[in-house]
Structure formats: C-alpha cells, structure tokens
Amino acid sequence: MKLKIALCAFLLLLLSLGFSIMLTTASMEKVYTEAIISEYRVVALDLQRGLDRALKFGKRLDKFTGIERVLDDTRAQIFKNVVLRHTPAGYQRKMLREDDIVISIVLPDGRILHSTNRDLGGETLPTDLRALLAPLGGDKGAPPSFVKHLGQFSIALPITDAKGVAAHTVISFGDDQVERLLAPFFDHNLKVFAGVMVCGMALLILALNLVTHAAPLTSGLPGRRISVLLFLVVGSAQIVFAGMNLRAFRDEFLAINQTKAETLMALLKEDVEFFFAKGLRLETLSGLDQLLGDIIAASPELRDIAVYDAQGRPAFVASHQGAFDYRTGAAPGPGLDPGPLEGRHDPRYRARVPLMREGEPHATLVANVSRQTMLRKLTEIFKDSATVLVISILFFVEMLILANLFIKDQYARTNGTGGAGGPPAGQTPGPACPVPGAEVPFGAIRPAAFLFLLGIDMCISFLPLYMKTLPIPELGLSHEMVLGLPISVEMLFVGVALLATGPWIDRRGWHEPFWLGLGAALGGTVWSALAPDALHFIASRGLVGLGYGAFIMAAQGFIVRQTDRGSKAQGMAQLWAGVFAGSICGGAAGAMMAERVGFRPVLLAGTVILVCAGAYALTFLRRTMARPTFCALTSGGPAKGHLTPARALRFLTNRDVFGLVALSSIPASLAFVGFMYYFSPIYLADLGQSQSDIGRVYMLYGVCLIYVAPYLAKFLDRAGNQKFLIFLSGATGCLGFTTYYFFGGLEATALTALLLGVSGSLDASRAFVLKLRASHELGEGTAMSLFNSVGRTGQIVGPMLFGWLLLTFGMPDAVTYFGMGYLAITVLFTLCTRSETTLAAKGLLHTGK
C-alpha cells in the first residue's frame, strides 16, 4: 500500500510539473517570438528609412537601380546582427544560411516587385500574408505585427512617398530561429525540472514515512493527512519551479533587450561613421537629432539615445519627449537631459559604442533601456507566470482528487471492505428503495467531469481558426457567420440534449445517457479532427454538443441519485467545479499545443483524454450504473419520467418553479453570459487591455466556482431557508454591476467577475427546485432537464440585451442600469415565491431522499 501511495505521489509530481512546463514554454515562446521579431523590425526600419528617402528624391521602385544589392545588404545585416547573435554556443553554424531570410518589396495589391529570392519576382503574396498590408486606419483595425504562415514568420513595414504608402517591405524567416533562441531556456527548464523532481520525491518519501509511522495503515488510512501532504509538497514544488523560471526569464529578457539596443547601435554606428568617412566632423553634422528621434519613436523599450563628443559632453539626444541638438545653445526640454557619459550605470540597461573617425575615437553613441518600460513588461510576464501557476495548480488539484479516490479504493480492496471511499456524510438510502453503489461518494463525478471537459475544450480557443483552414462551400452566408456556425450548432445540440435526456434518466437511469454523451463527444471530436471540409466540421461539432448536453445531464442525474436532501447543493457544486476546472485547463493546454503541433493533433489528443474519462467511469462509477428500482419509478406516480407538453407546462407554471426560472435562473445566466462573454471583452479591449488580462478576468469567475462554491455548498445544504440564499446570490451579482457607478476599468471588471463568481457559488436554485414536490412528481431528472433548458434562454438573450444597453446608454452606464434592473427582479423573486416553511406547511415539499 505504501508503494502504491508513493507511486501516486510520483505520478502527481510528474504530471503537475510536466503540465507547468507545457504552459510555461508556451507563454515564454510568445515573448521570445515578439523579442526576435522586434529585432528584425529594427533592421527593417533602417531599410525603410533608406527607401523612403530615395522615393522622396524622385526614385521609382519599379526602376530602382541597385535595389537587389540594397536588399541583399539588409539581409546580411540581419544575419550578422540578429541570427548569429542568437545562435547558442555549440550550434552548428554551417547549418545557418542567409538564404533562409527573404526580403521582398510588395506593392499594395500584393504583387512582389523585388525580392532576395529572385524566383518570387512578379508573384503574388499569399492570401494569409495580405493582412500585413492593411492600412493603419482601416476598418479592420491595425494590421498584425507579424503573421505565421507555413513555418515562417513575416513582418511588414510601409514604404511611403509624397502620395502615401507606395509599397511594403516584407521580411520572412523560419520559425527555427525562435527555437534556437528558446534552446537555452529549454535546457534551463530541464535542469530545474530534474532538480525539483528529485528534491520533491525525496521530501515526499520522507514525509509519507513520517505520516504512516505516526498513523500505521493497519489502523486505518489517514486520507486527509496524505492529501494535505501531497498538496503541500507538490504545490510547493510548482511554486519553486515557477519562481526559478521567472527569475531566469527576467535575466534573459533583459539580455535580449540589451542585444536589441546593441543591434540598433551597430546600425547607427555604420550610418554616422559613413559621414565621418566623407570628411565630416561631429561639429559639422546636422539633422542627427532628427535621425535619432525617428529611431527612438519606433523603439518603445528605449528611454533615450545620445551622441557624446570626445570630451564626454552631449551633442545630440532624442527621447520619447522629443529630440535636441545641444550645439544650438538653447536649454533642452524636460526629459531630454541624458546626464554625464561616465558614471555608475547598470550595464543591463545601457549600451554604448565608440564612433571612429580616421581610426581614432571621435564620439560615443549611448542608448539607455527604459527601466519603466522593462518594469511594465516584466510585470506582464509576472502576471502570465502567475496565471500559468494558477492553471497548473488547478490541474494538480483535480489530479489529486483522482489520486485520492484511487488510494482509498486500493486500500478498501486490500482490507476487504470493497468500496471506493464509503458513503458521503448524511447519505442514508432508505431500505425500501435501496440504491446500488450507495457507498460511492457523490464527489466521484468531479474527476469524470474534469476529464470530459479537459478533452472536449482543448479546441475551444481555435474553433473559428480551424474552420478557416477547411474548404468552405457556398452557403449564402457571410464569411464571419460561417466561421461562427460550428459554435452555434454545438450550442443548439447542447440544448436539444439537455431537454431530451431528463426523462430518459428518470426512466432508465443516469448511466445510459452518460455513455451516450461520452461516445457522442468522442465520435464528434474524432470526426472534427478528420473533417475534410467545413460541412463535416459543422456536423461534427453538433455531435460534440449532443454529447456535452447528455453528459452534463447524466452527471446531474448521478448527483441526484447519490445525494439526499442535505447534500444536493454540495454535489452540484462538486460537479461544476470539475466542469470549470476542466474547461480552464483544457482551453489553456489546447491553445499551447495548437501553436506547436497544429489543430488536428490537439483534437486527437482530446479523444485520448475522453477515453481516459471512460476508463475512470468504468473503474470508479460502475457500481452505481443500474436502472431505477420499481419503487423508485412508481413513487412519483406511474407517469414519472414520461414528459408531455401538458405536464411540462404544468410544471413550469407552478408558482415557485416559475419564480425560480423566470426571476432567478434566467436573470443569472443572462448576467453571466452577457457580462463575461459580451461586455467585458469589448469594454476591456476598448480600454487597451491585453487578451491575457481579459482571460484572467474570466478565470476569476471560474476559480470561484471551483473552490468557493464547494465550500459554501456545505452551508447551503444546511441552511433552513434556501430562498434567502437565492436572493443573496442575486443581490451579490447586482452589487458587482453597481461598482461601475463609482469606478470603472479593469479593476471594476475584475471585481464584478469576482462577485458574479461568489453569486454563482451562493446559488441554491438547483437544490431548491429538487426539493419541490412538483419536481418529484414529474421526475427529478425531467425537472432538472426542463429547468436547465428554459434557464439557457438567458444565455441566448444576454449578449443581445447587453448590446442594446450599450447602444442606448453607452459604457459603462449600461452596466449600472442593468444592475439596478437585476436588483429589482431579485426583489420581485422574494415577493413571488414562497419560503420553505410555507411550502412545507402546505405539503408542497418532497420530504424523502
């Protein structure tokens, strides 16, 4: 048994750190890519300035004598100042070739006029690269800073003449250069990984021996102690791993920016020394301050650039506040004093090179990296690292729950007690209607939900992008609408499955819809990966939606079956915690994998995880997979589980059910979807917030549902007045929206998301509706099916309502007015629905399990 526990601990540590490495590598690769592309842009700017000057003097691009030589020289500069600088020691330099870099002059219509690859002359730029040529003020926004196409990165800079943009300089290079830049980071990761693994396992073995020595396994399994121990050791290992990586990356990032400053200085040195070679002296140069100003305008990471004379006095200086020529004798403006040449300067933030004239130092060129800009960038990197750490811990906690179930199951088998864990607190199935598998805790569904969502949501971040890669037939719809069809069809079939599965669960049990949902999702995901065109892909997502809806309803059926009246809220909270954890981890892991291996392999990886979800269910949930007993079917009447329009209408028009649906469930889903999926992305994007910050706001909501909701659910089940808790849930959500009356921005959005998460954690509407006698008479599965399906109308109306509010009142007043309306509806809910005391007095509550 000790060996099995140690093996579980080792696998937990391995999986958790492996997941951290995957996410960390993806995050760092993005930053490294931006860094190397920024260096290419520095050299491209030098070419752009030269071509702009030539066009202003009357030269024509189609008759530009010597343009090929200019492009070849620029390519040589890139190879020397960028590629070779970033080639790690020991790399086979003979494998590096200038021909891997392609520089082209492209007309606005996409036709290639000149190129270092002579075969491309007269060809047309690929469609995927045309976005680089978009005008800055176009309808579709600013063009992307780079585009990745067929294993190559491409950037573009406009070439202007008196009439405007005459052409673009397009530079393309292979993604292997980013991989070479990442090589030292990979080596560091592996060394840290090995060190943390060894130390972590040594600590785990020592701590496990201490725990089992203090409480021998023969006297009972100390499950709580082992879980706390695993969490502390493995969680600490993840924190140490993330901290060491962040520190190493900080140093590397500063070195990259210093290298970029040195590259810029090397190019400037060539330009200035060219004038010195013509016989000019620093005192006779003019316009150098403007040249420095043009350069620094395109280099936000630099604080200033200055040229000092032989005596160490400033001659020219440029910063983001302007440019100044000290020879004029006038006082420089604010922020333009570069300070003395000599002094105590941090070498990580300063680059300096001598300017030579006739073999002697004649001046000094100095560039200072902006500490403020670096701090801002490092803060973003820290937030990304913290986000990766949170996602990694989410993944680890779910794996810990799974490992805990396995350890308890193995202990029970070893000691002959035969069960996976034992019954949850308060679960006492009645003797008249025995429940098969009653010893299986309701929390056992959480790992299944986590694995299921982890598998199907790995593709959530790139569905429209994958759709673009497939042949799209003529459907009579706009391109944007066609790209959205897979998601729309998937959501449609989710609703169909939610509505159809409830009666099935009441009549035949939860397990059949469970396997149907798992099989449909598995088949749909495989179909998505192998889809030959867009129509097949759209149909496959419909099958995935059908599987998702059936699985979610079956999982709720499991909760209903395995809980009593005092634990239903806890069961639902555990289920949705697994759902949100799987969705967050799946989306993050899928986005990372898609960047490296493509879309289809990610979809196929999702199918493997879905198979693991099925294997888990066979191992831990099989004992509960049985059809309802005769007494369970007949306890609510002979028609239990048989849904007709009349019965559905009678259920939905019940005073208390109607109040729960119309005045609680629909407004809550409307608030969540309208705010989280519609308002906050648009609002934060307009404020200039990054996509990462928008994603972190959504994570705040998810983390509440994962960790706060299961904790609060214990109190929800014990509460004697769940109607008040539902009111409190709505009021908390209203409070979030009213924060916009006092302040706005990212802070208000994050606070609102957090309060919506707390609101969702306090929501006891599902547990309350299952207490009603009307739900029991209709069938609890059928009641939940109708409740969920009708409640989803809020998700449909939410974006449209928020859109109308924004159009009518503008941002952020629209959110404040919505909060006031939400509060009014919440108060109306308390007036229209009856308390549990009143319902019990009238015999309208179901008093059994």
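This structure is a prediction, so every number in the text was calculated from the model and none was measured.

**Student:** Give a description of the sheet that holds strand β8 (residues 322-325) that names residues and reports values.
**Tutor:** Spatial ordering of the open sheet is given by β8-β7-β6-β10-β9, a layout of five strands whose pairing is antiparallel. Where the open sheet ends on each side, the last strands, each with one partner, are β8 and β9 (350-357). Taking each pair of neighbouring strands and ignoring which way they run, the sheet shows an average axis angle of 15°. Bridge analysis of β9 against strand β10 (residues 360-369) gives eight bridges, and the strand direction is antiparallel. Its bridge partner lying in β10, Pro 354 is registered against Thr 364. Contacts from helix α5 (residues 288-297) reach β6 (302-309), β7 (314-319) and β8, with the element oriented near 30° to β7.

**Student:** Outline a positive patch on the surface, supporting the account with residue identities and numerical values.
**Tutor:** Positive charge collects at one region of the surface, where Arg 224, Lys 408, Lys 714 and Arg 718 lie side by side. Considering the arrangement of structural elements, one finds Arg 718 in helix α17 (residues 691-718).

**Student:** Tell me about the side chain of Asn 368, residues and numbers included.
**Tutor:** Positionally, Asn 368 belongs in strand β10. Here Asp 304 takes part through its side chain, which lies 2.9 Å from a polar atom of the side chain of Asn 368. Here Arg 350 takes part through its side chain, which lies 2.9 Å from a polar atom of the side chain of Asn 368. In contact with Asn 368, other than residues within four places in its own chain, are Leu 302, Arg 303, Asp 304, Tyr 349 and Arg 350.

**Student:** Which residues make up the pattern of salt bridges, and what values go with them?
**Tutor:** Taken as a whole and assessed by the stated rule, the structure comprises 15 salt bridges. The residue Asp 46 makes a salt bridge to Arg 49 at a minimum N-O spacing of 3.0 Å. In this pair, Asp 46 and Arg 49 both sit in helix α1 (residues 2-56), three residues apart, roughly one turn of the helix. As far as burial versus exposure is concerned, Asp 46 and Arg 49 are alike and both buried.

**Student:** Please set out the pairing of strand β2 (residues 112-115) residue by residue, giving values where relevant.
**Tutor:** Bridge analysis of strand β1 (residues 102-106) against β2 gives three bridges, and the strand direction is antiparallel. When the bridges of β2 are listed, Ser 104 appears paired with Ser 115. Counted along the chain from β1 to the antiparallel partner β2, the turn is five residues long, and its residue Gly 110 has a positive phi close to 95°.

**Student:** Please set out helix α18 (residues 722-738) residue by residue, giving values where relevant.
**Tutor:** Here α18 is 17 residues long and its end C-alpha atoms lie 25 Å apart, about the 24 Å a rise of 1.5 Å per residue gives. Among the residues of α18, those classed as buried are Gln 722, Lys 723, Leu 725, Ile 726, Ser 729, Gly 730, Thr 732, Gly 733, Cys 734, Gly 736 and Phe 737.

**Student:** Can you break down the packing of aromatic side chains residue by residue, with the values?
**Tutor:** Throughout the structure, instances matching the rule amount to 34 aromatic pairs. On the basis of an interplanar angle of 85° and a centroid distance of 5.5 Å, the ring pair of Phe 675 and Phe 737 is categorised as edge-to-face. Taken together, the residues Phe 675 in helix α16 (residues 655-686) and Phe 737 in helix α18 connect sequence positions 62 residues apart. The exposure class assigned to Phe 737 is buried, which follows from its relative accessible area of 0%. Here the aromatic rings of Phe 675 and Tyr 740 are separated by 6.3 Å at their centres, their planes lie at 70°, and the arrangement is edge-to-face. Separated by 65 residues along the polypeptide, Phe 675 in helix α16 and Tyr 740 in the loop between α18 and α19 (745-762) bring together distant segments of the chain. Neither Phe 675 nor Tyr 740 differs from the other in exposure class; each is buried.

**Student:** Any chance you could break down the nonpolar core for me, citing the residues and the numbers?
**Tutor:** One finds Phe 452, Tyr 548, Tyr 616, Leu 621, Phe 675, Phe 737 and Val 769 to be the most contacted residues of the largest nonpolar core, which totals 160 residues. Examining the composition of this core, we find that 16 residues originate from one element, helix α12 (residues 568-597), more than from any other. For Phe 737, the residues in contact, after removing those within four places along its chain, are Ala 671, Phe 675, Thr 752, Leu 756, Phe 802, Val 815, Thr 816, Phe 818, Gly 819 and Tyr 822.

**Student:** Quick one: what's the story with the packing of helix α23 (residues 793-809) against helix α24 (residues 813-832), residue by residue and with numbers?
**Tutor:** Interaxial distance between α23 and α24 falls to 8 Å at its minimum, and their mutual angle equals 120°. Our classification of the angle between α23 and α24 gives oblique. The two elements α23 and α24 meet at a crossing, and its hand is right-handed. Note on element contacts: α24 touches α23 through Asp 813, Ala 814, Tyr 817 and Phe 818, opposite Leu 801, Phe 802, Leu 805, Leu 806 and Phe 809. Residues of the contact of α23 with α24, tallied by class, amount to eight nonpolar, no polar and one charged.

**Student:** Talk me through the confidence of the model for the protein; I want residue IDs and the actual numbers.
**Tutor:** Mean pLDDT over the protein works out to 81, with 90% of the residues at or above the 70 mark. For the protein, per-element mean pLDDT is lowest for helix α14 (residues 630-634), which scores 49, and highest for helix α10 (residues 511-530), which scores 94. Low pLDDT, under 50, characterises residues 420-432; the predicted model gives this stretch 29 contacts beyond four residues in sequence or across chains. For residues 634-639, every residue scores under 50 in pLDDT, and the model assigns this stretch five contacts once sequence neighbours within four places are set aside.

About the cut-offs
- Residues numbered from 1 in each chain as written.
- Predicted model: local features only at pLDDT ≥ 70, side-chain atom pairs only at ≥ 80, totals over all residues.
- Heavy atoms only, no water.
- Pairing = 2+ DSSP bridges.
- Helix = DSSP H or I, 4+ residues; strand = E, 2+ residues; numbered from the N terminus.
- Axes fitted to C-alpha atoms, helices over the stretch in contact; angles between N-to-C directions.
- Contact = heavy atoms within 4.5 Å.
- Patch = residues over 30% accessible without salt bridge, like charges linked within 9 Å, V, L, I, M, F, W, Y side chains within 5 Å.
- Areas by Shrake-Rupley, 256 points an atom, 1.4 Å probe, with all protein chains shown as cover.
- Salt bridge = Lys/Arg side-chain N within 4 Å of Asp/Glu carboxyl O.
- Lys, Arg positive; Asp, Glu negative; His and termini not counted.
- Charge placed at Lys NZ, Arg CZ, Asp CG, Glu CD.
- Polar contact = N/O pair within 3.5 Å; in protein donor to acceptor, adjacent residues only side chain to side chain.
- Buried < 20%, exposed > 50% of the residue type's maximum accessible area, 1.4 Å probe, protein only.
- Expected span 1.5 Å × (residues − 1).
- Phe/Tyr/Trp six-rings, centres within 6.5 Å; stacked < 30°, edge-to-face > 60°.
- Core = buried A, V, L, I, M, F, W, Y, C linked by side-chain atoms within 4.5 Å.
- Parallel < 35°, antiparallel > 145°, perpendicular 65-115°, else oblique.
- Left-handed = near helix turned anticlockwise from the far one by under 90°.
- Nonpolar A, V, L, I, M, F, W, Y, C, P; charged D, E, K, R; others polar.
- pLDDT = per-residue confidence, 0-100.

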